[in-house]
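Here is what each chain is made of, one letter per residue.
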Amino acid sequence: MEFLETRLFTSTDGTVITVEQLLFAVGVLVGGLILSWLAARQIRKRLSKTRLDANAVAVIARTVYYVILVGIFLTFLALLNIPLTALAFLSGAVAIGLGFGAQAIINNLISGWILMTTRPVRIGDFVDVDGSFGVIEDVGNRSTRIRRVDGVHMMVPNSTMLDRTVVNWTLVDRKIRTGVKVGVAYGSDVRLVERLIRQAVEDHESILDDPTPMIYFEDFGDNALLFETLFWCEVGGERELRTIRSDIRFRLDELFRDAGVVIAF
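One structure accompanies this document, and this report is about it.

## Focus: the nonpolar core
Counting residues in each nonpolar core, the largest one holds 25 residues, and the members touching the most others are I197, F231 and F256. If you list the elements that add at least two residues to this core, you get β8 (175-184), α6 (190-202), β10 (225-234) and α7 (238-259). Residue contributions to this core peak at six residues, all from α7. For F256, the residues in contact, after removing those within four places along its chain, are V182, V184, V193, L196, I197, V261 and I263. M116, V121, V129 and I136 belong to the second-largest nonpolar core, a separate cluster that totals 12 residues.

The following block contains the structure:
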């Protein structure tokens with residue numbers, strides 16, 4: 001008891017601060033940090049089961065986290081009878097230190113809030129960042145977590161998402177245009193080739209009827225008559241597109257073989 005009642009310092013208004021008060025205030029601060037983390041986690045968990053968008057859930061959870069942190073910090077100061085005016089000098093020094101030593105952290109923190117509010121990229125979007133394709137899983141305080149198509153997680157600084165060119169495949173909708181090219185031997189019936197290509201495209205359930213798939217007699221090549229078909233699909237990324245293109249090529253090979261059309265070397 002004597003140790004807990006030991007006088008540490010006297011506040012500006014003459015109030016004596018003891019070891020017991022300091023330990024209690026520190027306990028409140030630590031407990032508040034844990035409470036804010038648990039509260040944000042529970043809010044994110046519960047709201048994720050509702051119809052709310054994942055980005056809105058992340059914004060709400062992060063806002064609650066910081067609001068509780070501010071409240072706990074003010075409570076900590078009140079328990080120690082430290083007025084906010086006493087922090088004026090300290091806050092100025094901290095601001096200068098942050099300005100010189102933590103520019104990247106502050107930049108990424110502000111960039112994270114910009115990403116969550118303006119939403120140029122959202123959780124669940126399929127993006128291309130410097131040639132790396134993947135789905136955005138989370139926009140954190142410092143970085144954006146992207147799961148690449150090969151399963152590897154990539155942490156991209158939030159400022160990079162704003163400073164560099166990021167291709168968002170699913171920003172407005174999931175409609176993406178792709179195509180398949182094929183060359184047939186000289187002497188082939190080009191109208192028959194056109195009908196077979198159209199049949200292969202129209203038979204695929206993942207290809208949209210609107211916009212209408214287009215078939216082009218592209219060119220007279222050195223060793224082949226070149227055709228290209230362009231069509232639209234509603235998919236979530238590059239993997240689905242590759243699967244659809246592969247299906248069309250399998251189907252074209254089957255139809256051409258049955259019709260006697262030779263695919264040129």
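## Focus: the pattern of salt bridges
Within the structure shown, the criterion is met by 11 salt bridges. Linking D130 and R164 is a salt bridge whose minimum nitrogen-to-oxygen distance equals 2.5 Å. Residue D130 is found in the loop between β3 (126-129) and β4 (132-139), and its partner R164 is found in the loop between α5 (158-163) and β7 (166-168); the two are separated by 34 residues along the sequence. You can call D130 exposed: its relative accessible area is 53%.

## Some remarks on a positive patch on the surface
On the surface, a cluster of positive charge is made up of R41, K45, R46 and K49. Along the chain, K45 falls in helix α1 (residues 19-47).

## Some points on the packing of α1 against helix α2 (residues 54-79)
Two elements in contact, α1 and α2, have axes whose closest approach is 9 Å; the angle formed by their N-to-C orientations is 165°. Here α1 is positioned roughly antiparallel relative to α2, judged by the angle of their axes. Where α1 crosses over α2, the handedness of that crossing is right-handed. Split into classes, the residues belonging to the contact of α1 with α2 amount to 22 nonpolar, three polar and one charged.

## Notes on the side chain of N168
The residue N168 is located in strand β7 in this model. Look at N168 and you get buried, because its relative accessible area is 16%. There is a polar contact of 3.1 Å between the side chain of N168 and the backbone nitrogen of T170. Of note is the side chain of N168, whose polar atom sits 3.2 Å from the backbone nitrogen of L171. Filtering out sequence-adjacent residues up to four positions away, N168 remains in contact with P120, V121, D125, F126 and V127.

## What to know about the pairing of β4
Relative to β4, β3 runs antiparallel, the two sharing four bridges. Across the sheet, D128 pairs through a bridge with F133, a residue of β4. Relative to strand β5 (residues 143-148), β4 is paired through five bridges, and the arrangement is antiparallel. When the sheet's bridge partners are listed, D138 is paired in β5 with R145. Connecting the antiparallel pair β4 and β5 is a turn made up of three residues.

Calculation notes
- Residues numbered from 1 in each chain as written.
- Predicted model: local features only at pLDDT ≥ 70, side-chain atom pairs only at ≥ 80, totals over all residues.
- Heavy atoms only, no water.
- Core = buried A, V, L, I, M, F, W, Y, C linked by side-chain atoms within 4.5 Å.
- Buried < 20%, exposed > 50% of the residue type's maximum accessible area, 1.4 Å probe, protein only.
- Helix = DSSP H or I, 4+ residues; strand = E, 2+ residues; numbered from the N terminus.
- Contact = heavy atoms within 4.5 Å.
- Salt bridge = Lys/Arg side-chain N within 4 Å of Asp/Glu carboxyl O.
- Patch = residues over 30% accessible without salt bridge, like charges linked within 9 Å, V, L, I, M, F, W, Y side chains within 5 Å.
- Areas by Shrake-Rupley, 256 points an atom, 1.4 Å probe, with all protein chains shown as cover.
- Lys, Arg positive; Asp, Glu negative; His and termini not counted.
- Charge placed at Lys NZ, Arg CZ, Asp CG, Glu CD.
- Axes fitted to C-alpha atoms, helices over the stretch in contact; angles between N-to-C directions.
- Parallel < 35°, antiparallel > 145°, perpendicular 65-115°, else oblique.
- Left-handed = near helix turned anticlockwise from the far one by under 90°.
- Nonpolar A, V, L, I, M, F, W, Y, C, P; charged D, E, K, R; others polar.
- Polar contact = N/O pair within 3.5 Å; in protein donor to acceptor, adjacent residues only side chain to side chain.
- Pairing = 2+ DSSP bridges.

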